Amino acid sequence: MTGAGSRGTARGSGRLAELDLLRFVAAMAVLSFHYFIAFNSVWGERPAKLFPAISTLSGLGILGVELFFMISGFVILMSIWGRGLGTFALSRLVRLFPAYWVSVAVTAALYGLTGATALDPKLSPAEYGVNLTMLQRALGVYDANGVYWSLWAELRFYVLISVLVIVGVTFGRCLVFMGVWLLAAGLLSGSDQAWVDLVVMPKYAPYFVGGMAFFLMTRFGPRLVLWCVAGISAGLAVSAAMDRVAGRVGLVGYAAMPVPPWAVAVTVIGFYALMALVALGMLRRLRWRGLVTLGALTYPLYLFHTAAAVLIIPALRDALPPWLTALATVAAAMAFSYLVYRVAERPVQEFVRARTRRAAAPQAPAAPQAPAAQGFPAAAPVVSASPVASAAPVFPASPPSAPPPDHRPDPWSAGEKASLP
């Protein structure tokens, strides 16, 4: 047990490149679902008809957000270990908001300064301002971008896990936290009470808990109790995913989203298998430096791929074949996402990290003057400070606690909602 723990601790404190790859896969899955299944008004017709060869695979991309939630459970538990609430809150603010604020501004400019109409949320300037807080769903305001729904789920997860930060993160307390959350999610999964969806999140709790269990395996070894928690969460996750996809297929029709139930179950089980491989260290050989860049692209790509589609696809769809149009749009989305990372995300994170290190460094006391004959050396203290955590949220989960205003149609209805809760 000791050996496993020490070995896991060494790995648990560093960046796992394999998770960067999984983040990117999740982001591309969501992009594929939107571009090739969901965005009817962007293409002017049903995307599944334009891309029939990949329609089932693209339809499964709706579950990319669930993979994000699993990675988030893993990474957030890793990032809070041994840290205080203030450090955790600062790391999340720095990680989430710079690119998000740019995304809100770009969306407002897209619909305010161009003739774009597809997926227009029809928000007022004040409502765009509310979106800057990331709390718009709690305040009954529409999301400026349909993908923002998952960030609301992330924020609620952060509030829940802050309880662990406050009481102190230990193996036993993590087990209690995960067990209580899973039990509540299982018992209340059929409830229609708003507070259950708001606090317990039965549809998404299994993914967060599963990710946490797999992180604990990297730190303390693959204990039986952790396998049991992961197995229970997997069962609940499969059930929730099948219900969610079935609801989506029922809304738009099987022709628009040809995803059979068995494929949903296989996909979710595959997510758990991949995370188990990460936890057991079987993907450690994935150490290509480009994976870090792909991981950095993930959050901006998740935020900006919708705007890219709205702006580029209608301009190219009549001049180029669908595949070339899609490839050009993906390339543009990735290029802009990298620009946002370099210009907006990384500078802010590095600035805050540097300030945090300076603030954590104690002032070295002045060395006492000793007689020259004695020659006492003045030893400088060694200072160590933890950098601000840079874990990605992953994305990127439920209806707003207060229903949106009724005076405006939902642009993500009629088969275009990013992911139906």
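Residues numbered from 1 in each chain as written. Predicted model: local features only at pLDDT ≥ 70, side-chain atom pairs only at ≥ 80, totals over all residues. Heavy atoms only, no water.

A tally of helices and strands in the protein yields 16 helices and zero strands. Considering the protein as a whole, with its 421 residues, one finds that 52% of them fall into the buried category. As displayed, the protein offers around 18,300 Å² of accessible surface, 67% of which is attributable to carbon and sulfur atoms. (Helix = DSSP H or I, 4+ residues; strand = E, 2+ residues; numbered from the N terminus. Buried < 20%, exposed > 50% of the residue type's maximum accessible area, 1.4 Å probe, protein only. Areas by Shrake-Rupley, 256 points an atom, 1.4 Å probe, with all protein chains shown as cover.)

All told, the structure shown has five salt bridges when counted by the stated rule. Where Arg137 meets Asp143, a salt bridge forms, and the shortest distance between an N and an O atom there is 2.8 Å. For Asp143, a relative accessible area of 10% puts it in the buried group. Two residues, Glu350 and Arg346, come together in a salt bridge whose shortest N-O distance is 3.8 Å. Here Arg346 and Glu350 lie together in helix H16 (residues 322–360), a separation of four residues that amounts to about one turn. (Salt bridge = Lys/Arg side-chain N within 4 Å of Asp/Glu carboxyl O.)

A cluster of nonpolar side chains, Leu85, Val163, Ile166 and Val167, forms an exposed patch at the surface whose accessible area comes to about 360 Å². Ranked by the residues each element gives to the nonpolar patch, the list is headed by helix H9 (residues 149–167), at three residues. Tracing the chain through its elements places Ile166 in helix H9. (Patch = residues over 30% accessible without salt bridge, like charges linked within 9 Å, V, L, I, M, F, W, Y side chains within 5 Å.)

To continue, consider the nonpolar core. Inside soluble globular proteins, nonpolar side chains tend to come together where they are buried. Ranked by internal contacts, the top residues of the largest apolar core, which has 128 residues, are Phe74, Trp181, Phe214 and Leu216. The greatest single-element share of this core, amounting to 14 residues, is contributed by helix H15 (residues 290–316). Dropping the residues within four chain positions of it, Leu216 is found in contact with Leu77, Trp81, Phe171, Cys174, Met178, Gly221 and Leu226. (Core = buried A, V, L, I, M, F, W, Y, C linked by side-chain atoms within 4.5 Å. Contact = heavy atoms within 4.5 Å.)

Turning our attention to helix H14 (residues 261–279). When the terminal C-alpha atoms of H14 are compared, their 28 Å separation across 19 residues agrees well with the 27 Å that a helix rising 1.5 Å per residue should span. Buried residues of H14: Ala263, Val264, Ala265, Thr267, Val268, Phe271, Tyr272, Met275, Ala276, Val278 and Ala279, and no others. Directly after H14, the chain includes Gly281, whose backbone phi takes a positive value near 75°. (Expected span 1.5 Å × (residues − 1).)

Note on placement: Thr267 falls in helix H14. Ignoring any residue separated from it by four or fewer positions in sequence, one finds Thr267 in contact with Leu60 and Leu63.

Before going further, it helps to examine helix H13 (residues 224–252). For an α-helix, the turn length of 3.6 residues means that residues three or four places apart are oriented alike. Over its 29 residues, H13 runs 42 Å from end to end, which matches the ideal 42 Å to within 8%, given 1.5 Å per residue. Just past H13, the residue Gly253 takes up positive phi, approximately 95°.

Here we take up the packing of helix H10 (residues 171–187) against H13. Helix-helix packing is characterised by the crossing angle of the two axes and by the distance between the axes. Between H10 and H13, the least distance of the axes is 11 Å, while the angle of their chain directions is 25°. What the angle tells us is that H10 and H13 run roughly parallel. At the point where H10 passes H13, the crossing takes the left-handed sense. Across the interface between the two elements, Phe171, Leu175, Met178, Leu182 and Gly186 of H10 pack against Val225, Leu226, Val229, Ile232, Ser233 and Leu236 of H13. Each residue belonging to the contact of H10 with H13 can be placed in one class, and the counts come to nine nonpolar, two polar and no charged. (Axes fitted to C-alpha atoms, helices over the stretch in contact; angles between N-to-C directions. Parallel < 35°, antiparallel > 145°, perpendicular 65-115°, else oblique. Left-handed = near helix turned anticlockwise from the far one by under 90°. Nonpolar A, V, L, I, M, F, W, Y, C, P; charged D, E, K, R; others polar.)

A few words now on the confidence of the model for the protein. Across the protein, the average pLDDT comes to 85, with 82% of residues at 70 or higher. Ignoring residues within four places in sequence, the model shows residues 1–13, a span with pLDDT below 50, making 20 contacts including any to other chains. Of the regions scoring below 50 in pLDDT, residues 367–407 engages in 84 contacts with residues more than four places distant in sequence or in other chains. (pLDDT = per-residue confidence, 0-100.)

Residue Lys122 is not a glycine yet carries a positive backbone phi of 55°. For Lys122, the location among the structural elements is in the loop between helix H7 (85–113) and helix H8 (125–131). What makes Lys122 partly exposed here is its relative accessible area of 48%.

Here we take up the packing of aromatic side chains. Inspection of the entire model under this criterion finds 28 aromatic pairs. Geometrically, the ring pair formed by Phe88 and Tyr158 is edge-to-face, given 5.9 Å between the ring centres and 85° between the ring planes. Residue Phe88 is found in helix H7, and its partner Tyr158 is found in helix H9; the two are separated by 70 residues along the sequence. Here Tyr158 falls in the buried class, since its relative accessible area comes to 5%. With a centroid separation of 5.2 Å and 45° between ring planes, the pair formed by Phe97 and Trp101 is classed as tilted. Here the residue Phe97 and the residue Trp101 both occupy positions in helix H7, the gap between them amounting to four residues, near one helical turn. When its relative accessible area of 10% is taken as the criterion, Phe97 is described as buried. In this structure an aromatic cluster arises from ring pairing among Phe69, Phe88, Trp149, Phe157, Tyr158, Phe177, Trp181, Tyr204 and Phe208. (Phe/Tyr/Trp six-rings, centres within 6.5 Å; stacked < 30°, edge-to-face > 60°.)

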